[in-house]
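Commentary on secondary and tertiary structure
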Amino acid sequence: MAKPLTDQDKKKQISVRGLAGVENVADLKTNFNRHLHFTLVKDRNVATKRDYYFALANTVRDHLVGRWIRTQQHYYEKDPKLCFFRQVEEADDWLRYGNPWEKARPEYMRPVHFYGRVEHTVDGVQWVDTQVVLALPYDTPVPGYRNNIVNTMRLWSAKAPCDFNLKDFNVGGYIQAVLDRNLAENISRVLYPNDNFFEGKELRLKQEYFVVAATLQDIIRRFKASKFGSTDFVRMDLSMLPDKVAIQLNDTHPALAIPELMRILLDIEKLTWEKSWDIVIRTCAYTNHTVLPEALERWPVDLFQNLLPRHLEIIYEINRRHLERVSKNYPGDADRMRRMSLIEEGGTKKINMAHLCIVGSHAVNGVARIHSEIIKDTVFKDFYEMDPQKFQNKTNGITPRRWLVMCNPGLAEVLAERIGEDYIRDLDQLKKLLDFVNDDALIRDVAKVKQENKIKFAAHLEEHYKVKINPSSMFDVQVKRIHEYKRQLLNCLHIITLYNRIKKEPNKSWTPRTIMIGGKAAPGYHTAKMIIKLITAIGDIVNNDPVVGDRLKVIFLENYRVTLAEKVIPAADLSEQISTAGTEASGTGNMKFMLNGALTIGTMDGANVEMAEEAGEENLFIFGMRVPDVEAMEKKGYDAMEYYNRIPELKQAMDQISGGFFSPDHPALFKDLVTMLMHHDRFKVFADYEAYIKCQDKVGALYKNPKEWTKKVIHNIAGCGKFSSDRTISQYAREIWGMEPSLEKIAAPDDPR
């Protein structure tokens, strides 16, 4: 006989009566109709496709919610250490119609302060006369894979307080009160796109502080409460915070977590500086994501003084103590003191946020092995010499659940037939495919799945881009943010070269190619926008040339996003990863293409280096300068004109761009791009042109041998084990957060506990 439940156990029970079983189609239909009628208040006569989506989403959400609550109960009972990342609610079209997955949590609303002044009193420091904005949390469930765990992603939305400028409102300043209210709520209305280019705008700093301040208040509330559903504070000793909380600073955008946590510990919790600093250091860790100097955040001191005066005082004190330590370790080295200071002097005084992150963290890591070495050798060399124990590497990874099983079920099934399904949880098992590299049946099946994916994507392109393409052509794809260092311009030069060769020898047997380039440009990045314009202009000429026909097509993939990536990546034959060596921190698109059976043409940059190690360099198309070559060229000086004058095909391509061949109605349209490439190209496109073209010739030749091509594909898929995000997160957990990853499966909501 079952043991009767205690009152406490009954409180933990989650009612699942009336919920559809996922395997029960009739129940799912019933719940779907219930949500359509009673949640959306629609019937099938007036319901739109969006309504059907929301009804289905709410049906699925019902199943998530029970597991979501059960997960939170489990965490509060076990009291594990928790790791926090930073997010901000982004206003986009998808929020216009609501979001069925998120749940507002107004009971956890938190005040965030701006402006004001600092008073030093006998009772301590007070930040007074501030402007308050409320942070309203929205929770989104994040389900685990077949383990009943549903974690929480908490986003924050800015709301003006109810009494916001009520005095102005009452004396007739209605319009101003409304404008002020809108200004406060603008904080989360638009997210500044971070595109490896830093703009010191006040709204951006407000956004960064807003999410940091809201999240830290929430972290400390949860730490003190410690019991599921409890509003009483039962844990008051904040010296234990690093044992229960890890904060990962994902680039410098959340760097304000360091002075904000110090402010809370010093001014609110009344701890000493030494005790507070110890807690901050042990709690925070920093991941660097770029070595480009223009991307590193440097905030003007004057802006801080106005917006966050208390934080500026704390940063100054952090810097004073930091420089004392530098001086002690390197007596008399004034230049090192200047280089390592958190405050950059000269002209406008600025706060170097990367330096703040390093000083305030117990661990610093890059996101690929070569990147982690570069930051130790160059950007953060002084800090590495003083604290070598802080520096680590954590190579990025991707989730095989989304980037294989979900987006490429045909390939996932082919792999499972050979090596079983366990690779979905343990991607290292893909190594077993090496036993089948010469297996004709696997070669045939992998090639068949690729062709099916290409036919599907070709139909998508024809429908959305009105371009008819040859599904038997090589799908040559470069999708990533549009940026000079990613060298979409090198790809353009290859397209023009290929076009000129076909025009010159139209009767030759050319490997047909459909070249697709996709990505977004930051709103204020003129060069990136001109690169997009050039790609589309080349496409207009190439795609309408009857001599070329379907042997070469050029398509710019508009509005590149995850949903489009899930279609194009499984269909790609060739993955373009052609950044200048030493500029790409890691990349993750390169891994997604590799896992989905595309071969890589790339430089030895970012994670490409480790991909070549795992799959065998002979199974990738590696070309161009390595990091030492680039460094040597920097010292010697890069002369673009030397390449232009020496390489006829390069000269022809550049002359066509500059002469208006691709912009007949506006011959000088690409003048700025031409000037940049010829005279001030930091990313040395011409220096790698010759090697790139030769490497592309090898690609074209191998594609004519489908069996050998597919063997290389299998080698690549077999080498993907290292690039699972499961491995990445396990390393962060063990080596930075001091936690042991758990594979535990908890009870489902309808299971007895």
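Residues numbered from 1 in each chain as written. Predicted model: local features only at pLDDT ≥ 70, side-chain atom pairs only at ≥ 80, totals over all residues. Heavy atoms only, no water.

Here we look at the sheet that holds strand β10 (residues 298–300)
Strand pairing in a sheet relies on backbone hydrogen bonds. The paired strands run either parallel or antiparallel. Going by this rule: The rule for pairing is simple: two strands pair if DSSP sees at least two bridges between them. Put simply, DSSP marks the helices as runs of H or I at least four residues long and the strands as runs of E at least two long, and each gets a number from the N terminus on.
With antiparallel pairing, the 3 strands of this open sheet are ordered in space as β10-β12-β11. Taken across any chain shown, the strands that pair with only one partner, and hence form the sheet edges, are β10 and β11 (343–344). Both β11 and strand β12 (residues 350–352) contribute to a ladder of 2 bridges, which runs antiparallel. Bridge pairing in β12 places E344 opposite K350.

Details of the pattern of salt bridges
This is how it is decided: We define a salt bridge as a side-chain nitrogen of Lys or Arg found within 4 Å of a carboxyl oxygen belonging to Asp or Glu.
Within this structure, the stated rule accounts for 55 salt bridges. Across the pair D697 and R501 runs a salt bridge, and its minimum N-O distance is 3.0 Å. Here D697 is found in helix α29 (residues 685–703), whereas its partner R501 is found in helix α20 (residues 488–504), with 196 residues between them in sequence. It is possible to trace a salt-bridge network through shared partners that takes in D333, D335, R336, R338, R339, K381, D382 and E385.

Let's talk about the pairing of strand β9 (residues 284–287)
The line we're drawing: Each residue gets one of three labels from its accessible area relative to the maximum for its type: buried under 20%, exposed over 50%, partly exposed in between, using a 1.4 Å probe on protein chains only.
Side chains of β9 alternate between two faces, with C284 and Y286 and A285 and T287 buried alike. Across 4 bridges, strand β8 (residues 245–250) lies against β9 in parallel orientation. By the bridge assignment for β9, L249 is matched with Y286. Here 2 bridges tie β9 to strand β13 (residues 364–366), and the two strands are oriented parallel to one another. Residue pairing across strands places T287 opposite N365, the latter belonging to β13.

Topic: the sheet that holds strand β15 (residues 474–479)
Stated formally: Here, two residues are considered to be in contact whenever any of their heavy atoms come within 4.5 Å of each other. Axis geometry follows a simple rule: fit a line to the C-alpha atoms, using only the stretch in contact for helices, then measure angles between N-to-C directions, giving values from 0 to 180 degrees.
Taken in spatial order, the 6 strands make up an open sheet running β17-β16-β15-β18-β19-β20, and their pairing is parallel. Two strands in the sheet have a free side with no partner beyond their single neighbour: β17 (552–557) and β20 (621–622). When strand β19 (residues 599–602) meets β20, the two strands line up parallel, connected through 2 bridges. When the sheet's bridge partners are listed, G602 is paired in β20 with I622. Of the strands in this sheet, β16 (513–518) and β17 are in contact with helix α21 (residues 526–543), which crosses β17 at around 145°.

Concerning the packing of aromatic side chains
Applied cut-off: Between the rings of Phe, Tyr and Trp (Trp by its six-membered ring), a pair exists once the centres lie within 6.5 Å; its type follows the angle of the planes, with under 30 degrees stacked, over 60 edge-to-face, and the other angles tilted. Throughout this description, the term charge over a ring refers to an Arg CZ or Lys NZ atom that lies within 6 Å of the ring centre and within 35 degrees of the ring normal.
Across all of its chains, the model carries 13 aromatic pairs by this definition. Seen from their ring centres, F621 and W709 are 6.1 Å apart, and the 35° between their planes marks the pair as tilted. You can see F621 sitting in strand β20 and its partner W709 sitting in helix α30 (residues 706–718), a full 88 residues away along the chain. Relative to Y643, the ring of Y638 lies with its centre 6.0 Å away and its plane at 35°, an arrangement referred to as tilted. Among the aromatic side chains, those forming a connected cluster through ring pairs are F114, W127 and Y209. Here the basic side chain of R336 rests over the ring of Y330, its NZ or CZ set 4.0 Å away from the ring centre. Above the plane of the ring of W510 lies K508, whose end atom (NZ or CZ) is 4.8 Å from the centre.

With respect to the UniProt feature "modified residue: N6-(pyridoxal phosphate)lysine" (unreviewed entry) in the protein chain
The line we're drawing: UniProt positions are given in the numbering used here, feature names are shortened, and annotations may be inferred rather than shown by experiment.
UniProt's feature table lists "modified residue: N6-(pyridoxal phosphate)lysine" (unreviewed entry) at K592, given in the numbering used throughout. Here K592 lies in helix α23 (residues 589–595). Residue classification places K592 among the buried positions, given a relative accessible area of 15%. Residues contacting K592, with those up to four places away along its chain left out, are I398, W403 and I569.

Details of unusual backbone geometry
Of note, D129 is a non-glycine position whose phi angle comes to about 55°, a positive value. With respect to the helices and strands, the residue D129 is situated in the loop between β5 (124–128) and β6 (131–143). A residue is classified by how much of its surface remains accessible, and D129, at 56% relative accessible area, is exposed. Phi is positive for K466, which is not a glycine, with a value near 55°. Mapping K466 onto the fold places it in the loop between α19 (440–465) and β15. Taking the relative accessible area as the measure of exposure, K466 reaches 67% and is therefore exposed.

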